[in-house]
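# An overview of the molecular structure
For reference, the chains in residue letters:
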Amino acid sequence: MNDFAFVYIEEAHATDEWPISSSRYTPDNQIVSVEQPKLASERVKLARRFTQTFGLGTEMKVLVDDPEHSNLFEVAYSPWPIRLYVIENGMMRFISAPTDCAHDVSELRAWLEKRHESK
């Protein structure tokens, strides 16, 4: 059984910290413009907006790194700017390497298929 989760972390280009207009666009080509959440409830609201805007289905578990507790996921895993991880039984098994701010998910797919075959 595989569980997959999306972890919503600190904003890379929040308008109140490091604004750049070309950082991210919605599917209808609108610029994403948000301030850095200081409260967990603010980040949860942004995560919900993200899942709706970008069509993350209900089958994807969405977790939120808590800014009120020092962004512990970010501290532990350094996911900025974007990373894909496989954590299995508490051990890091796969870490993606982005190229030009994008990921070739076929690498992750191949890793998962090979891992599944070996079990």
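Residues numbered from 1 in each chain as written. Predicted model: local features only at pLDDT ≥ 70, side-chain atom pairs only at ≥ 80, totals over all residues. Heavy atoms only, no water.

With that settled, the discussion passes to the side chain of Ser96. By the element assignment, Ser96 lies in the loop between β4 (91-95) and α3 (105-117). Side-chain polar atoms of Ser96 contact the backbone nitrogen of Leu84, separated by 2.7 Å. Apart from residues lying up to four places away in sequence, Ser96 is in contact with Arg83, Leu84 and His103. (Helix = DSSP H or I, 4+ residues; strand = E, 2+ residues; numbered from the N terminus. Polar contact = N/O pair within 3.5 Å; in protein donor to acceptor, adjacent residues only side chain to side chain. Contact = heavy atoms within 4.5 Å.)

Turning our attention to a nonpolar patch on the surface. Together, Ile87, Met92 and Ile95 line one region of the surface with nonpolar side chains, adding up to about 250 Å² of accessible area. Inspection of the secondary structure assignment puts Met92 in strand β4. (Patch = residues over 30% accessible without salt bridge, like charges linked within 9 Å, V, L, I, M, F, W, Y side chains within 5 Å. Areas by Shrake-Rupley, 256 points an atom, 1.4 Å probe, with all protein chains shown as cover. Salt bridge = Lys/Arg side-chain N within 4 Å of Asp/Glu carboxyl O.)

One can find Glu88 in strand β3 (residues 85-88). Classification of Glu88 as buried rests on a relative accessible area of 17%. Only 3.5 Å separates the side chain of Glu88 from the side chain of Arg93, close enough to count as a polar contact. (Buried < 20%, exposed > 50% of the residue type's maximum accessible area, 1.4 Å probe, protein only.)

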